[in-house]
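Okay, here's what each chain looks like letter by letter:
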Amino acid sequence: MITDTQLLNAIRQTTMMGRIGIDAVIRHSGCQPMTDALRQQRAEYSEILDSATRMLAERGGQPEPLPLGARMGTAMSRVKNNLAPPSTSKIADQMITGNTKGVIKSIQHHRQYMGKDERITDLSKKLLETEDRNIQQMKPFL
């Protein structure tokens, strides 16, 4: 079971990973509709991240940084993308894969949450819905 602050930190980390993933590929998008979709997704992640950070502060919690493994994986992905920029289809594949991992983690965290705060539960659901929508939004670009 996880607490309010643990779930809020999990939400923060998921949204930070989403933003980092988008930042790593958006400049390689040669398709304006995809670029627009990625910008929208980044804005949605930022909104959720800001809400989670605010709620965490209200509860006296401390924001946890991304785990070292996640930061290393992101750095490696950026290097790889700089060597061989991905195609639109590959970007969509990467985004769907990342969002799918996010969906799995979000469902697990949501089910493990033992708190009763509806605002946190609603934010967790909003993140899950956002990730599901992101997957659907990227499918046409495969």
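Please refer to the structure placed before this passage.
Counting restarts for each chain, with residues numbered from 1 along the sequence as it is written. Totals for whole chains, interfaces and linings use all residues, but because this is a predicted model, local features are given only for residues with pLDDT of at least 70 and pairs of side-chain atoms are given and counted only at 80 or more. The side-chain figures draw on all heavy atoms in the structure; neither hydrogens nor water molecules are used.

1. Thoughts on the nonpolar core
If you look at the biggest cluster of nonpolar residues, it comprises 28 residues, and the most contacted ones within it are L8, I11, M34, L38, M95, L123 and M138. The helix count covers DSSP runs of H or I at least four residues long, the strand count covers runs of E at least two residues long, and both are numbered beginning at the N terminus. Mapped onto this core, the elements with two or more residues apiece are α1 (4-25), α2 (32-58), α4 (88-112) and α5 (118-138). Tallying contributions element by element places α2 first for this core, with eight residues. Here, the term nonpolar core denotes a set of buried Ala, Val, Leu, Ile, Met, Phe, Trp, Tyr and Cys residues that are joined through side-chain atoms within 4.5 Å. Relative accessibility decides the category of a residue: with a 1.4 Å probe and only protein chains considered, values under 20% of the type maximum give buried, values over 50% give exposed, and everything between is partly exposed.

2. Structural notes on α2
To estimate how far a helix should reach, multiply one less than its number of residues by 1.5 Å. The terminal C-alpha atoms of α2, which comprises 27 residues, lie 39 Å apart, in line with the 39 Å expected from a rise of 1.5 Å per residue. Downstream of α2 by one or two residues, G60 has phi in the positive range, about 75 degrees.

3. Observations regarding the environment of K125
Checked against the element boundaries, K125 lands in helix α5. Taking relative accessible area as the criterion, K125 reaches 40% and is therefore assigned partly exposed. Between the C-alpha atoms of K125 and A10, which are 115 residues apart in sequence, the distance is 13 Å.

4. Focus: the packing of α4 against α5
In this analysis, axes come from line fits to C-alpha atoms, helices being fitted only over the stretch in contact, and the angle between any two N-to-C directions falls in the range 0 to 180 degrees. At a closest axis distance of 9 Å, the pairing of α4 and α5 adopts a crossing angle of 155 degrees. One way to sum up the angle between α4 and α5 is to call them roughly antiparallel. Crossing geometry of α4 relative to α5 is assigned as left-handed. Between α4, through A92, M95, I96, N99, T100, G102, V103, S106, I107 and H110, and α5, the contact on the second element is made entirely by T121, S124, K125, L127, L128, E131, D132, N134, I135 and M138. For this scheme, ten residues count as nonpolar: Ala, Val, Leu, Ile, Met, Phe, Trp, Tyr, Cys and Pro. Four count as charged, namely Asp, Glu, Lys and Arg, and the remainder, Gly too, count as polar. The residue inventory of the contact of α4 with α5, partitioned by class, reads nine nonpolar, eight polar and three charged. Angle categories: roughly parallel below 35 degrees, roughly antiparallel above 145, roughly perpendicular from 65 to 115, and oblique for all the rest. By convention, the crossing between two helices is left-handed when the near helix turns anticlockwise from the far helix through less than a right angle, and right-handed when the turn is clockwise. By the convention used here, residues are in contact when the closest approach between their heavy atoms is within 4.5 Å.

5. Looking at empty space enclosed by the protein
Each cavity reported here is a set of points on a 1 Å grid over the protein atoms alone in which a 1.4 Å probe fits but cannot get out, each pocket an open set with protein on both sides within 12 Å along at least five of seven lines, and each lining residue one with an atom within 4 Å of a point. Grid points are joined across faces, edges and corners, and a volume is the space filled by probe spheres set on the points. Under the definition given, this model contains one cavity of 30 Å³ or more. Put simply, the largest cavity is a space of about 30 Å³. What lines the largest cavity is L7, A10, I11, T14, S106, H109, S124 and L127. Contributions of two or more residues to the lining of the largest cavity are made by α1, α4 and α5. Here the residues of the lining of the largest cavity are counted per class, giving four nonpolar, four polar and no charged.

6. Focus: the side chain of N9
Tracing the backbone through its elements, the reader meets N9 in helix α1. Classification of N9 as buried rests on a relative accessible area of 3%. Every residue in contact with N9, bar those within four places of it in the chain, is listed here: L56, Q62, P63 and E64.

Scope: geometric values only; no functional claims are made or implied.
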